[in-house]
Structure formats: structure tokens, C-alpha cells
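# Overview (structure and organization)
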Amino acid sequence: MRIRRQSTMAAAVAVVAWLVARHLIPTHAGDAVESRHVARLIGAGLVPYRDFDVHLPPLATAMSWLIASIPGPAGTVDTVATAIALGVGAAATWAVAHHLTLSHWRRVLALALVTSVPLILSSSDAVAGGVLLTAVLACSLLAALQGRFIWMWGSLAVAAGIGVAPLLVFPVAAVWHGARTDRAHAIRALVVALGAVVATFVPFIVVAPAGMWHLAQVQLTRPLPVESIGAELIRVAHLPFRPVVRTGGAGMEGTIPTLIGVASPGALLLAILAIVALTVRMRPSDHGMVGAVGATLLAIAVFGAVVTTGNGLWLIPAAALIPGRLGAVCAIAVAVAMPVARVMPTDVMEQSASHPALAFGGRTIALLLAMAAAAAVVLTKAPSRSAKPPYRA
């Protein structure tokens, strides 16, 4: 009961702090107008991907439509939806920190980072792409630590349906599940979770194959986004590129951006394989599992060619909750990266010449430092609390 009260209080503090801060810190409108437009089209009987183009996965589109369809002023609806998602994420984050017996300052830092997500993202994107993913990920971590693997896989499936990238967390989750129960049960759960994610795409593949193919083409052929860390490295090093604006945002074209865009997925895959291999070899522990998840999500942020400032923020809970001294370094590095991301100029193409390199390189350096710290945690056999009894479905 004590931890429930503390988690509820943490959620209340996070929501109140966000409500106060949003009036003091200006936010950008983002894609709120587009989400409302999509909701109106769906309400008129049009089918997404078939009758009009959508550049989000089906579950994310459904979430945006659901929020935009709630009666009431758009600003009020977005505020309430964001507050609910933020409260859930803050409560779960505090509960995970308590389970890992983190120090009080680490818990407060994790709570502050979670609260910062809606301040950095736009209104609709904050709910559908950022705050909601942060909350779902924190809930999946809590379920994993408590041995509630049905809830863990359900949360991860929802996250993957919304953002796709959380699919890369599945291997580490399967390793943890197998270590706590048995390998066969973990494999079955993994297959079911993957099937659930695929099931969100199947109806639209059937009724709108051309639209889904267009969605895949947009994502796979998208130029290197200007907000990606690869683009930051190009700008800091003053390497040549051609600015372009296509569906999905501004990007970079040219020999070097193309090479980075091609190499990034390969580097990400190697990083994920290395993390999984190390996780398999280390002895099961709560600390090791959270460290592996944190390292995986930071690898997505560092090496993902299409991970932008907003889309990568759902990594915060795991990155801030990695135990140990190296985990503290990781949390501090991410805490440094977030304000740097917030102060990036809106029109980075036009302001790059006058903007200091620190505003771009700072986030890169901070995330690289966090990635190194998280990887070191995975390499280290950190002491854990006494093992939980095996869970049986």
C-alpha cells in the first residue's frame, strides 16, 4: 500500500508540474492540426491508407483519431489525454525505481525526465507518439520486474503497434522471460506478441495494399531526417549535403547522408545482437534486465537513421532507471540531452550557419555517453535483489 500511495503522489506531482511548466515554457503546435484533419476524414467515412495517405502505423493512427474524436475543445481534450498518460507513466516509473531500490535523487531525476516529455513534444504527438509510449514502456518494465509476463508482452505489443521501433526490445524481453520461467514459454509469448502487432496491419494490407506499400516506401526511402543524430554529426563536421523537404519532414540528401542512412540500420542491428548476446551470457538480475532494455533503447536513439528528437523520447524511463553508478551517469547524460533537444531551432535548415555546434553536438555527445554507460551496465554483472519465484501462466 505504501508504494501505491507514493506512486499516486508521484503521478500527481508530475501532472501538476507539467501543467505549471507548460504555461511558462512555450510549446509548438506540431501535427495537432493534421491529426484533427485525419479524424474528420475518418468521421466522414473515408478509410485511411485507401482513401487518403497516412504516415503513421495503424495503431498510432487509431490513437490519434480516438483522441481527436473526443467531444470538447481540442486544447482541453489534448491536455486531459496527456495528463492521464503522463500520470500513468510517472506512477509506473516511480514503482520501478522503488523495486530497484534506487536512491531518492535518482527517483526524482527519473520523474523529472518523464515529466519533460510533453514539454518537448507537440500536443497530439505528445500523446500518440511520446507520452503514451513512455507510459506503456514504464508499465512493461514494471510488469517484467514483477513477473507478470502477460502484461509485459501486452504492453510491448501496444508500444510496437504505435511506434514499431519497440519491436527491437522484444529479443531482450524474451531472454528475460526465458530466464525467469522457461525458454519454450518465452518463445510462445514472443510469437503471440509478434502476431498481435502484425494483426494491426493485416486489415489495411487487405483493404488498402497500395496505401500500406506507400507507407513502407515513405519510411524506407525517407532522406536522412534533419533531427536525427546522423544529421547532427554531418552539420557539426560541416560535411556537404543537400537540404530537401518531402513527406514526413525535412531531410538531407547527398553521398554522405546516404551512406549514413544505409549504415545506421546495420549498426543498430549489430548493437541489438551484441546486447542480446551479452544478456544471454550474464546471470539473470533485475538490474541487468533494466540495463539491457536501456541499452537497447539508447541504441535505437543513437543508431536509428529515422529516430528524431520527438520519436526517441519514449526511451526515457529505461535510460533514467538503469541502476548503479554507471546508470547514474546514463541518467545524467540523458537529462543533459533533453534540454539541448528542446532548444534546437525550429527551422534548422536556415539557422544552421549561425547556430552554435553545441546545440546540435550536445545531444549527440550526451546520448553517446548514455549509450556507453548503458552498455557498461550490461557488461557488468550488477548485484540484484533476491530472485523472484518463477512465474507460471
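Attention in this report is confined to the structure presented alongside it. (Residues numbered from 1 in each chain as written. Predicted model: local features only at pLDDT ≥ 70, side-chain atom pairs only at ≥ 80, totals over all residues. Heavy atoms only, no water.)

### Quick notes on the pattern of salt bridges
Opposite charge on two side chains lets them pair, provided their charged atoms get close. Per the counting criterion, the structure on display carries two salt bridges. Across the salt bridge formed by Arg-50 and Asp-51, the nearest N and O atoms sit 3.1 Å from each other. On the basis of relative accessibility, which here comes to 48%, the residue Arg-50 falls in the partly exposed class. Take Asp-51: its relative accessible area is 35%, and that puts it in the partly exposed class. For the salt bridge of Glu-253 with Arg-242, the shortest nitrogen-to-oxygen distance reads 3.7 Å. You can see Glu-253 sitting in strand β3 (residues 249–253) and its partner Arg-242 sitting in strand β2 (residues 242–246), a full 11 residues away along the chain. The buried category is assigned to Glu-253, whose relative accessible area is 18%. (Salt bridge = Lys/Arg side-chain N within 4 Å of Asp/Glu carboxyl O. Buried < 20%, exposed > 50% of the residue type's maximum accessible area, 1.4 Å probe, protein only. Helix = DSSP H or I, 4+ residues; strand = E, 2+ residues; numbered from the N terminus.)

### So, the packing of helix α8 (residues 170–180) against helix α12 (residues 255–281)
Think of two packed helices as two axes; the pair is described by the angle between the axes and how far apart they sit. Closest axis-to-axis distance for the α8/α12 pair is 9 Å, and the angle between their directions is 5°. One way to sum up the angle between α8 and α12 is to call them roughly parallel. Contacts between α8 and α12 involve Pro-171, Val-172 and Val-175 from the first element and Ile-275, Val-276, Thr-279 and Val-280 from the second. Of the residues in the contact of α8 with α12, the class split is six nonpolar, one polar and no charged. (Axes fitted to C-alpha atoms, helices over the stretch in contact; angles between N-to-C directions. Parallel < 35°, antiparallel > 145°, perpendicular 65-115°, else oblique. Contact = heavy atoms within 4.5 Å. Nonpolar A, V, L, I, M, F, W, Y, C, P; charged D, E, K, R; others polar.)

### Some words on the packing of helix α7 (residues 149–163) against α8
The N-to-C vectors of α7 and α8 enclose an angle of 175°; their axes lie 12 Å apart at closest approach. Between α7 and α8, the crossing angle belongs to the class labelled roughly antiparallel. Together, Phe-149, Met-152, Trp-153, Leu-156, Ala-157 and Ala-160 of α7 and Phe-170, Ala-173, Ala-174, Trp-176, His-177 and Arg-180 of α8 make up the contact between the two elements.

### Some thoughts on the packing of aromatic side chains
All chains considered together, the criterion is met by two aromatic pairs. Ring plane angle 70° and centroid distance 5.1 Å describe the contact between Tyr-49 and Phe-204, whose orientation is recorded as edge-to-face. Here Tyr-49 is found in the loop between α2 (32–43) and α3 (58–68), whereas its partner Phe-204 is found in helix α9 (residues 183–207), with 155 residues between them in sequence. Classification of Tyr-49 by relative accessible area gives buried; the value is 3%. Plain terms: the ring middles of Trp-153 and Phe-170 are 5.5 Å apart, the flat faces sit at 85° to each other, and that makes the pair edge-to-face. (Phe/Tyr/Trp six-rings, centres within 6.5 Å; stacked < 30°, edge-to-face > 60°.)

### Structural notes on a nonpolar patch on the surface
A contiguous nonpolar surface patch, about 330 Å² in accessible area, is contributed by Val-198, Val-202, Val-206 and Val-207. The topology assignment puts Val-207 in helix α9. The class of Val-207 is partly exposed, set by a relative accessible area of 44%. (Patch = residues over 30% accessible without salt bridge, like charges linked within 9 Å, V, L, I, M, F, W, Y side chains within 5 Å. Areas by Shrake-Rupley, 256 points an atom, 1.4 Å probe, with all protein chains shown as cover.)

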